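# What the coordinates show
If you want the building blocks of each chain, they are given just below.
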Amino acid sequence: MEYVSPEGLRLDGRRPMEMRQIRGEIGVVDKADGSAVFEMGNTKVIAAVYGPREVQNRSQQMNDRALVRCEYTMANFSTGDRMRKPKGDRRSTEISLVIRQTMEACIMTHLMPRTQIDIFVQVLQADGGTRSACINAATLALSDAGIPMRDLVTSCSAGYLNSTPLLDLNYVEDSAGGADVTLGIMPKLDKVTLLQMDAKLPLDIFENVMQLAIEGCKAVATYIREVLLENTKQLEYRRGT
Amino acid sequence: MLQNKSFVKRTRGGKITKVVREHYLRHDIYCGAPVCKVCDTSGARLSPTASTILIFDTNVVLHQIDLIENPAIEDVVVLSIVLEEVKNRNLSVYNRVRALCSNSLRKFFVFSNEHHKDTYVTDMSGESKNDRNDRAIRVAAQWYQTHLAGSAKVLLITNDKENKRKAIEEGISAETVESYVRSLSKPELLDLLVQPASEDVKMEDAEDLRPSKRKVIYSEHKPMSEITSGLHRGIYHQGKLRVNRYNPFEAYVGSESIGDEIIIYGRTNMNRAFDGDIVAVELLPQDQWHEEKSLALADEEDEEEDVHLVPGSADDAPRTIAAQGSAGITEPVQNRPSGRVVGIIKRNWHSYCGSLEPMAKPAGGGGIAHALFVSKDRRIPKIRIQTRQLENLMDKRIIVAVDSWDRLSRYPSGHYVRTIGVIGDKDTETEVVLIENDINTRPFSSQVLACLPPLPWFVSSEDLANPIRQDLRQLRVFSVDPPGCKDIDDALHCTALPNGNYEVGVHIADVTNFVHSGTPLDDEASQRGTSVYLVERRIDMLPKPLTEDICSLRADVERLAFSVIWEMTAEAEIISARYTKSVIKSCAALSYIEAQARMDDSRLMDPLTTDLRNMNSLAKIMRARRIERGALTLASAEVKFEIDTETHDPLDMGMYQIREANQMVEEFMLAANVSVAEKILKHFPLCSLLRRHPSPTREMLEPLLRTAAAIGLNLDVSSSKALADSLDSAVGDDPYFNKLIRILATRCMTQAVYFCSGDLSPPEYLHYGLAASLYTHFTSPIRRYADVITHRLLAASLGIYKLPTIFQDGPRLTSIADNLNYRHRNAQMASRASVELHTVIFFKKRPTDTEARIVRIRSNGFFVFVPKYGIEGPVYLTPRGEKGSGEWYVDEQQQKIRKMDGSISYSVLQTVFIHMEIVEPQPNRPKLQLSLV
Ligand SMILES: [Zn+2]
């Protein structure tokens, strides 16, 4: 199958190094302490954050830091008629864990001992790159909730098909069976908090793909900062200061 | 700019789903014209002086690809929507268009109209997909027209009336293919045009000029829906049609649903199917199952029988003797299901090599003539073509492509593609052989050559220091090959050990040290599969620097090798075997003749000659043991030519003489292959590449048994051992008798094939001819890709390299093995064809009388084998066409043909004297004719 034409266009018309259109919106769930919607192309994810609040299950309470919990779900309608698994399946559990660990690395949990922070992410529409979209949405929602963080965490995927590194795979490219690297970074600290890869890649190629994913993450970070800045301006405006 | 494309799609499970895909529209897609002031012209492909820019619609590309490939067609903009449609409809045409677009010598530019912001069209409600795409093509054409306003004319080429009308309405210049080609005033281009099927009926028939006689010849093909439901209900059977190479009126369809081959007799039942087509077949009522055969032969013309090389195996030989035209014989073919083709699921049409059928007077007027094209491949029916250059083509080898075949025509219609050269010319005919056998003779690409190590290449100190490589330069290694061999794959050594045993080494060129998995070089070699040896030319699998220099184990240079080293007793029992990468330095590259002469010359006592003698005595024991196990020593009739160095014409031809030295080398190569097969299979039971030779069935041996019975010889074919023994004891009064029987036995066997060990169960791994339970190819990696794979497996089993990932992909391995079998087979056929070609050239100036043996009786004569030249062919007692005129009758039981008055009779295996001469029954069609002296 030809995923990159000899003219250098991917199936959806992007060039190999281009991301899909991204869009983020803050404050979409009033009841939550923080919330956001994040879209990467046709992948659409909503995240809601509650906390820091009292620990529900006392036995889990930690005296030196906050407890971070994460629940990942996919809306039943998110994939159209594509294969769908019931809630609590292994894949969801795994992604919940990945998101929790990634976010936990940037939340300054020691500032909020004996509390818990709940992150709920739900995929509304899936078209590849759901993990990355979830992390980006969670970052926005955590910022919205005003939870202290070391840095933003942004995520983007990159893959390798037809001997070409490709940024931000969509569903069709994702299911092509090539390698798929999902990367999460803290852009200011220049640290990697998440790195997952399916399939195998020779080391030199992997480095190229990884570099591409880093560029993607940085681009997402720039955009997220803009969204946050815009949001802050709006707040200021509403307060009338 | 973003568009969401949504469409509904039926999933594999049969559900209907709505699919939404993002579709980005861009500003950075350029027009490809170097004169453009607006666009980035760095990727421009069109010529700066182009006055007209052509845009083809999908159907024109699909049907007129032969025309488009002609260099007269330039400055073409290929729209991505057209490419997409072509790809969905015909992959091979798509690949050809893509090749044009990437060819830097051609001026073809791909315009991604579907992603350009101004040329993307959204679906309109009620519009069919075809209409939408036609509209997209017009929009793109219009865009070009405005975009390039003034600097070039844009011409849309379409044969669709509606599309053309709309285009002209919208102000786009549009023309049909034919009117465009006419405007170029190059009449020979018109021959390349495909004739639309609808005009077929109106066209005059080349073989029959009386229009009133046109009648329905073939039954209608069933519509696809009916075929699908018929396949579901088990009324029809699907399979690939294989036409018998020696009797084109007989074909076979391997059907999984009935677990057997369905035989299709006659062109009527084949119903316009070509060899290789995927067809749907309906079984005939059981009572028609064997009557069909005689019918089929009666109503079709008898195809010509040419003199050809003696078959090397059953794959080269006719499938059944009865099919050879002895219409009088009622062959008891029991319960072989026969059927007829009801529909064609997938066509395997491509272009074919051949020549026009000679005819008295050109038919048709106005410069356009109709002619019948006869393919060199006898499985292909004659093809009708129209041409404006008949006189010119009559004595040429040409390529013709098939376009259509309607029910009213006996023959399919096609069009001329190109001329190869004059019939009978050595270069032309050699090219025909290469094209026919799908042999890639293109020079290696720069990407492939980039994988070669820098020249001149030497064994480096790193190679010597490499712990996986053993330094064997101190050993007395030598090679024995045919004279003039430049690609030396293998070398040997044999050292006497103090304990009375011998250390024997087989050293094979370390090709995988240079050919790494997944590189362009490896892909190319894998595709080529094997080197091809023609009489005066070699087409290499690997580039020349590797083949003749870096890998070749030449004398007096250090080379890298992969070695198998045994310790053997003086009785040739293998005590231990080890495998290692090595560095060797061969001390002599001997020819078979030289090696033989050294061994025979009792005065020579030098160390090398002693090694040779020791090896030879070991080889003799190994050979005897192998034969004891039941290995068949089959005879083939290999011919060799002596070629004039100036004219390249054959000067002399004779049988290739097999010496003890050949057998000695062969024996050690066999042993190395067996050793390696055992080693790799032990480590990789599921992904080893092995070679097997299926036991012949009784049915396959039938011709041999019948001949044997006729001369009162009893052959036991119950096992390979029994057969080998009976062949040994088949000794007649004349010294050649045994060899003749062996030659007859050889042609009953099929060839050995490569396979992936995971695809079969161990009992099926058997190599019947060698009586080996396991076998592979390891010893010729320079010229066979199978050996390259085996080298990788062996290196991985020793733990010195990792197994490339491709070995984890079962289906991929199977397809590699299939390709190797295909390439191997084609290479052999090409070699045979090349020998046949040179045989004809040889006898052109040398009519010869010689001795021949009758191998088969026919109704009008017999087939003879000419031992001296390794050929066989028909000798006619009655003129062709008057078969069985009554003067002669055939005694089937005793395989004899007798004159009615009893004065003369000929029986099988009898010696006759024949005259061999080149005749030209029709101008430019030379053939070798055999007649009784
Ligand atoms: Zn332009």
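In what follows, the accompanying structure is described. This one's a predicted model, so the numbers in the text were calculated from it and none came from an experiment.

## Some words on the overall build of chain A
- Check the secondary structure of chain A and you find four helices and nine strands.
- Walking chain A from its N terminus toward its C terminus, one meets helices and strands in the order β-β-β-β-α-β-α-β-β-α-β-β-α.
- Taken across its 241 residues, chain A has 52% of its residues classed as buried.
- Put simply, of all contacts in chain A between residues at least 6 apart along the chain, 68% involve residues at least 24 apart.

## Some details on the pattern of salt bridges
- Under the criterion given, the structure shown has 61 salt bridges over all chains.
- Ionic pairing is found between K396 of chain B and D395 of chain B, a salt bridge with its closest N-O pair at 3.3 Å.
- Judged by relative accessible area, K396 of chain B falls into the buried class, the value being 16%.
- Note on D395 of chain B: relative accessible area 23%, which makes it partly exposed.
- The salt bridge involving R538 of chain B is made with D540 of chain B; its shortest N-O contact spans 2.5 Å.
- Relative accessible area serves as the criterion here: at 25%, R538 of chain B is assigned to the partly exposed category.
- The class of D540 of chain B is buried, set by a relative accessible area of 11%.
- Overlapping salt bridges, with partners in common, bring together R10, D12, R14, R20, D127, D168 and E173 of chain A in one network.

## Description of the coordination of the zinc ion
Residue and element names in this part refer to chain B.
- At the metal site, the zinc ion is ligated by C31 (SG), C36 (SG), C39 (SG) and H147 (NE2), and these contacts range over 1.9 to 2.3 Å.
- Around the zinc ion sit four donor atoms; with metal-centred angles ranging over 103 to 113°, the donor geometry is tetrahedral.
- For the zinc ion, all donor residues lie on one chain, and their spacing in sequence is C-x4-C-x2-C-x107-H. Here C36 is found in the loop between β2 (16-24) and β3 (52-56), whereas its partner H147 is found in helix α5 (residues 129-147), with 111 residues between them in sequence.
- Judged by relative accessible area, which is 11%, C36 ranks as buried.

## Details of the packing of helix α20 (residues 660-683) of chain B against helix α24 (residues 785-797) of chain B
Residue and element names in this part refer to chain B.
- In the contact formed by α20 and α24, the axes pass within 9 Å of each other and the chain directions differ by 60°. As summarised for this structure, α20 and α24 are arranged oblique, according to the angle between their axes. Seen from above, α20 lies across α24 with left-handed handedness. When α20 is examined against α24, the residues V676, K679, I680 and H683 are found in contact with a partner set consisting of T790, L793, L794 and S797.
- Of the residues that constitute the contact of α20 with α24, the class distribution is four nonpolar, three polar and one charged.

## Details of the sheet that holds strand β7 (residues 164-167) of chain A
Residue and element names in this part refer to chain A.
- Spatially, β7-β6-β8-β9 is the arrangement adopted by the four strands of the open sheet, whose pairing is antiparallel. For this open sheet the edge positions go to β7 and β9 (191-198), each flanked by a neighbour on one side alone. Put simply, the sheet's adjacent strands are angled 20° from each other on average, direction ignored.
- Across four bridges, strand β6 (residues 154-161) lies against β7 in antiparallel orientation. Its bridge partner being in β7, L161 is matched across the sheet by T164.
- Helix-sheet contacts for helix α2 (residues 130-145) involve β6, β8 (179-186) and β9, and the interaxial angle to β6 is about 165°.
- Running at roughly 145° to β6, helix α4 (residues 203-239) makes contact with β6, β7, β8 and β9 of the sheet.

## Notes on the side chain of H116 of chain B
- As for its placement among the helices and strands, H116 of chain B is situated in the loop between β5 (108-111) and α5.
- Note on H116 of chain B: relative accessible area 3%, which makes it buried.

## Concerning the sheet that holds strand β10 (residues 260-265) of chain B
Residues and elements named next belong to chain B.
- Taken together, the five strands give an open sheet; going across it, the order is β10-β9-β8-β11-β13, and neighbouring strands pair in antiparallel fashion. With one partner strand each, in any of the chains shown, β10 and β13 (339-346) form the two edges of the open sheet. Strand-to-strand twist of the sheet, defined as the mean angle between neighbouring strand axes without regard to direction, takes the value 40°.
- The sheet contact formed by strand β9 (residues 250-255) and β10 spans six bridges and is antiparallel. Residue pairing for β10: E250 is matched across the bridge by Y265.

## Considerations on the environment of H415 of chain B
Residue and element names in this part refer to chain B.
- Along the polypeptide, H415 turns up in strand β18 (residues 413-422).
- The buried category is assigned to H415, whose relative accessible area is 3%.
- Taking the C-alpha atoms as reference points, H415 and D66, 349 residues apart in sequence, are found 9.0 Å from one another.
- Among all residues touching H415, those that are not within four sequence positions of it are D66, D191, L192, L193, V194, I385, I399, V400, A401 and D403.
- Among the polar contacts made by the side chain of H415, one reaches the side chain of D66 at a distance of 2.5 Å.

Definitions and cut-offs
Every chain's residues receive numbers from 1 upward, in the order its sequence appears when written. By the order in which they are written, chains take letters starting at A while ligands take numbers starting at 1. It should be noted that, the model being predicted, local features are given only for residues of pLDDT at least 70 and side-chain atom pairs only at 80 or more, the latter also being counted only at that level, while totals for whole chains, interfaces and linings use all residues. Side-chain descriptors were evaluated using all non-hydrogen atoms of the structure, hydrogens and water having been removed beforehand. Runs of H or I in DSSP of at least four residues are treated as helices and runs of E of at least two as strands, each being numbered from the N terminus. Relative accessibility under 20% of the residue-type maximum defines a buried residue, over 50% an exposed one, and the middle range a partly exposed one, all with a 1.4 Å probe and only protein chains included. In this description, contact between two residues means that some pair of their heavy atoms is separated by no more than 4.5 Å. Criterion for a salt bridge: a side-chain nitrogen of Lys or Arg within 4 Å of a carboxyl oxygen of Asp or Glu. The donor definition counts N, O and S atoms within 2.8 Å of each metal and applies 3.2 Å to Na, K and Ca; water is not among these atoms, so some sites may look incomplete. Only two sets of limits are used to name each site, 85 to 135 degrees for every angle of a tetrahedral four-donor site, and over 155 degrees for opposite donors with all other angles from 65 to 115 for a square planar four-donor or octahedral six-donor site, with any other site named irregular. To get an axis, fit a line to the C-alpha atoms, keeping to the stretch in contact for a helix; angles then go from 0 to 180 degrees between the N-to-C directions. For classification purposes, angles smaller than 35 degrees are called roughly parallel, those larger than 145 roughly antiparallel, those between 65 and 115 roughly perpendicular, and all remaining angles oblique. For a crossing to be left-handed, the near helix must be turned anticlockwise from the far one by less than a right angle; the clockwise case is right-handed. Side-chain classes are defined by residue name, with Ala, Val, Leu, Ile, Met, Phe, Trp, Tyr, Cys and Pro counting as nonpolar, Asp, Glu, Lys and Arg as charged, and the others, Gly among them, as polar. By definition, two strands form a pair when at least two bridges between them are found by DSSP. N or O atoms closer than or at 3.5 Å make up a polar contact, with two conditions inside protein: a donor-capable atom paired with an acceptor-capable one, and, for residues adjacent in sequence, both atoms drawn from side chains.

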